[in-house]
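Working through the structure, step by step
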Amino acid sequence: MSLSIRTYLSLSYAALIALLILGMLMLTDWVEHKMAVHNLEIAQNAVQEVTAANVQVAEEVLTKNGEYIVKDKAEDVARELAYLLKGKKTYNYAQMRQDKNLRKIAIQDISTVEGVAGYTDLYDKGGEIIFHPDKQVEGQNQAKLEWQKEYPETWKLIKRSLTTDNVTGYYTFFDKDGKNRRRFSARVHVPGTPFIVGAIVNIDEFFVPTQEEIKKASQGIMAKAKESMEEASAAIDRKVHLAGLIGAIFFSLLGGLSAVWFAATISRPLVRLRNGVRQVGEGNFAVAVPEKGAKEILHLAHSFNQLGDQLTDYIAKRDFIRDTFGRYVTQEVVKKLLESKEALELGGETREVSILMSDLRGFTALTADMAPEEVIIFLNRYLGKMIEILVDYHAVIDEIVGDGLLAFFGAPEPQEDHPVRAVACALEMQAAMDEINFLNEADGLPHLEMGIGVNTGSVVVGNIGSEKRTKYSVIGSPVNFTARAESSSVGGQVLISASTYAKVKDLVEVGDVLEVEMKGVPGAATLYDVHAIKGPYNIKLKERSETLIPLKEKINIHLCRIHEKIITGATGAAWITHLSEIGATVVYEGELKEWEDVRIHLLDESLAEIPGKIYGKVISVKPLGDNLHEAAVRFTSISREAHQIMRQARGNA
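Keep in mind the model is a prediction, meaning the values are calculated, not measured.

Quick look at the overall build of the protein chain now. Secondary structure summary: the protein chain contains 16 helices and 22 strands in total. In the protein chain, buried positions account for 41% of the 653 residues. When contacts within the protein chain are restricted to residue pairs at least 6 apart in sequence, those whose partners lie at least 24 apart make up 62%.

This is the structure we're talking about:
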């Protein structure tokens, strides 16, 4: 049957349209399939990367948390046992093991939300096991067990703990399934006893359950995403096949555009989030992602941006607090305050510390004629150098009162060598005065002399004050004794107490040994004039000539007595007969007492006062007859004008 051209063209056109539509439908199906697969791959990659990041963060955070819990548990057990056991001269291990309360305290489970992760035990510094969850090993000495060779990592930790407090570390072991696992151990000495608390956990018990929950949640999210994508693709496919010829072309195009748009709404935000997570992991907390897309994606992006802002704000506040606090207290105290709420509570503990107190000699008189701005520059140069040295030696600076400093060593963190550290710090501070005076002389400022006292004793150390104003400080009679020792020192001296000397005598070089009467201290107190310290610090003060040179011509002076920084009166006629770099022999009419402070004005030939003052301390007094006495005076402070005159007098002697 022949067909007309119109019919043929019509049929051909219809066939062509049908082929085009079929091709478009097949192409649409293919495109939809590829887009769905691509979207699913992107979503899977993003979820996997986010999951991996969360798993890693969870492991790091929960491992640190686990370490803290273990160390805290060991310290808690040590404190409880110290309360029951410290101060005893002997210990009966058999009786101790029969004490159920002791066993309950010494052996404790260390648990996570999933169950028991470890335990605590107790052994002495000789290695003998006192309490252990496995009673069969109690009474055995760990230093003699065969498992030292089998578990060398464990033995190294135990061996270190016998001589060192707060030992922590990891070691590996094989569980009952033959799986290689890690354990974390913290070992703390029980204060006042020969015992050591060991806390041991399987560290992965802290983070593996959480990691499994994260992975399970990620799988659930991915399954829902896949189901959602498949349902959307099927809906679009049904619409395309039900449409007519013209509608099919239109809806095919619309379906393609919808597929492109759908893929973009899912893949682009997830890619941005993935990149954002990577940048946060690298430390860029300021990263932000556009808050666009589906409602769930928008909320996720908003939460991510809030997290970045919160982390940035937290880091800024933490750094600000640390830097600000660090200007008022030491970094050790700042660290203690930031890491523990209990560190802010009022109260203290009795602890042996070494106390250092320093003060400039005659500072008030030297700066009386200076402008306030000059005094601040003058004082800050001195304090800046002294504080720098104190911080280097890990001292807690308790007070800065004018030109005086009070610091202590041995708290808040224990320092076994605090007496040696305090003496070395004092010597380095005294040695640094040469540098300060060199700069002062270059600027036309007065010459400074500093005295230092160091004492060791038991004090109450902790937070003292009220809820509104608290200070980390020390109180007790050793603080007052240190002040008395410092006031007994002269310029360039470091005087240490007998209690400090007993702990450092093998390391220090001492000059004079002084017997000093102190207010509030019965009898004479012994003080040691330290010139040098050996060992790792190896500090030696520059020797200053103490040899008294007889003067060819005596120097007439006005000699005034000082009591508690107040001029209380003057002697009669007085003059200097001998001079050294640090002192003089003075002959005078009247009365002076040993260790009394004096002020000296030099006089010219007409007996008029020469500008400049000298401050000193009377070291010894002896009578000469006819109401005359001779005193040995150690200089504590010399003005610039007087310093030049005294130097010339020594040169002409």
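Taken together, V460, I464 and I475 make up a surface patch of nonpolar side chains, about 210 Å² in accessible area. With respect to the element layout, I464 can be found in strand β10 (residues 450-465). Look at I464 and you get partly exposed, because its relative accessible area is 32%.

Below, the discussion takes up the pattern of salt bridges. Across all of its chains, the model carries 15 salt bridges by this definition. Residue D204 is joined to R181 by a salt bridge in which the shortest nitrogen-to-oxygen separation is 2.9 Å. In this pair, D204 sits in helix α6 (residues 204-242) while R181 sits in strand β5 (residues 180-189), placing the two residues 23 residues apart along the sequence. Residue classification places R181 among the buried residues on the basis of a relative accessible area of 15%. Through salt bridges that share partners, R97, R103, E128 and E138 make up one connected network.

Let us now look at helix α14 (residues 477-488). Note: α-helices contain 3.6 residues per turn, so residues at a spacing of three or four share the same orientation. With 12 residues, α14 should cover 16 Å at 1.5 Å per step; its first-to-last C-alpha distance of 17 Å lies within 8% of that length. Among all positions in α14, only P478, V479, F481, T482, A485, E486 and S488 are buried.

Helix length check: helix α11 (residues 372-392), at 21 residues, gives a terminal C-alpha distance of 30 Å against a target of 30 Å (1.5 Å per residue), a fit within 8%. Immediately beyond the C-terminal end of α11, within one or two residues, lies H394, with a positive phi of roughly 60°.

On to the pairing of strand β19 (residues 583-589), then. With six of seven residues buried, β19 lies mostly within the body of the structure. When strand β18 (residues 574-579) meets β19, the two strands line up antiparallel, connected through five bridges. Its bridge partner being in β19, I576 is matched across the sheet by V586. In this antiparallel pair of consecutive strands, β18 and β19, the connection spans three residues. When β19 meets strand β22 (residues 628-638), the two strands line up antiparallel, connected through seven bridges.

Time to look at unusual backbone geometry. Each neighbour pair has its own omega, and for A411 with P412 the value is 0°, a cis peptide bond. With respect to the helices, strands and loops of the structure, P412 is situated in the loop between β9 (404-409) and α12 (418-431). Its identity as a non-glycine residue notwithstanding, N538 has a phi of 50°, on the positive side. Relative to the helices and strands, N538 resides in the loop between β14 (524-533) and β15 (539-540).

Further remarks concern the side chain of N437. One can find N437 in helix α13 (residues 433-442). In contact with N437, not counting residues within four places along its chain, are P446, H447 and L448.

Right, let's talk about the nonpolar core for a bit. The biggest cluster of nonpolar side chains holds 43 residues, and the ones touching the most others in it are Y382, M386, L390, V423 and M429. Elements that contribute at least two residues to this core include exactly β7 (347-360), α11, β9, α12, α13, β10, β12 (494-497) and β14. With 29 residues, the next largest nonpolar core counts A78, L81, F184 and F195 among its residues.

What follows covers the packing of α11 against α13. Between two packed helices, both the angle of their axes relative to each other and the distance between the axes serve to describe the pair. Orientation of α11 relative to α13, taken along the N-to-C sense of each, is 155°, at an axis distance of 10 Å. Classified by the interaxial angle, the pair formed by α11 and α13 is roughly antiparallel. Judged by the sense of rotation from one axis to the other, the crossing of α11 with α13 is right-handed. Between α11 and α13, the contacting residues are F378, R381, Y382, K385 and M386 on the first element and M433, E435, I436, L439 and N440 on the second. Along the lines of polarity and charge, the residues of the contact of α11 with α13 split into six nonpolar, one polar and three charged.

Time to look at the packing of aromatic side chains. Remark: the centre distance and the inter-plane angle together describe each pair of aromatic rings, the angle taken between the planes. A full pass over the atoms with the stated rule returns five aromatic pairs. Judged by centre distance (4.8 Å) and plane angle (75°), the ring pair of Y91 and F195 falls under edge-to-face. In this pair, Y91 is assigned in the loop between α1 (5-85) and α2 (93-98) and F195 in strand β6 (residues 195-202), connecting sequence segments 104 residues apart. Comparing Y91 with F195 shows no difference in burial state: the two are buried. Between Y93 and F195, the ring centres sit 5.9 Å apart and the planes meet at 55°, which makes this aromatic pair tilted. Residue Y93 is located in helix α2, and its partner F195 is located in strand β6; the two are separated by 102 residues in the primary sequence.

Moving on, we get to the environment of D204. A relative accessible area of 15% places D204 in the buried class. Placed 142 residues apart in sequence, D204 and L62 show a C-alpha to C-alpha distance of 9.0 Å. Those residues in contact with D204 that sit more than four places away from it in its chain are R181 and P209. Within the local environment of D204, its side chain forms a polar contact with the side chain of R181, the two groups lying 2.9 Å apart.

Orientation of α11 relative to α12, taken along the N-to-C sense of each, is 155°, at an axis distance of 10 Å. By the criterion of interaxial angle, the relationship of α11 to α12 is roughly antiparallel. In this structure, α11 meets α12 at a crossing whose hand is right-handed. Between α11, through M386, I389 and L390, and α12, the contact on the second element is made entirely by C425, E428 and M429.

This paragraph deals with the side chain of E67. Checked against the element boundaries, E67 lands in helix α1. In this structure, E67 is buried with no salt-bridge partner, the nearest side chain bearing the opposite charge being K64 at 4.0 Å. With sequence-adjacent residues up to four places away left out, E67 is seen in contact with Y170, F184 and I203.

Definitions and limits used
Residues numbered from 1 in each chain as written. Predicted model: local features only at pLDDT ≥ 70, side-chain atom pairs only at ≥ 80, totals over all residues. Heavy atoms only, no water. Helix = DSSP H or I, 4+ residues; strand = E, 2+ residues; numbered from the N terminus. Buried < 20%, exposed > 50% of the residue type's maximum accessible area, 1.4 Å probe, protein only. Contact = heavy atoms within 4.5 Å. Patch = residues over 30% accessible without salt bridge, like charges linked within 9 Å, V, L, I, M, F, W, Y side chains within 5 Å. Areas by Shrake-Rupley, 256 points an atom, 1.4 Å probe, with all protein chains shown as cover. Salt bridge = Lys/Arg side-chain N within 4 Å of Asp/Glu carboxyl O. Expected span 1.5 Å × (residues − 1). Pairing = 2+ DSSP bridges. Core = buried A, V, L, I, M, F, W, Y, C linked by side-chain atoms within 4.5 Å. Axes fitted to C-alpha atoms, helices over the stretch in contact; angles between N-to-C directions. Parallel < 35°, antiparallel > 145°, perpendicular 65-115°, else oblique. Left-handed = near helix turned anticlockwise from the far one by under 90°. Nonpolar A, V, L, I, M, F, W, Y, C, P; charged D, E, K, R; others polar. Phe/Tyr/Trp six-rings, centres within 6.5 Å; stacked < 30°, edge-to-face > 60°. Polar contact = N/O pair within 3.5 Å; in protein donor to acceptor, adjacent residues only side chain to side chain. Lys, Arg positive; Asp, Glu negative; His and termini not counted.

Worth remembering: the numbers are spatial, not functional.
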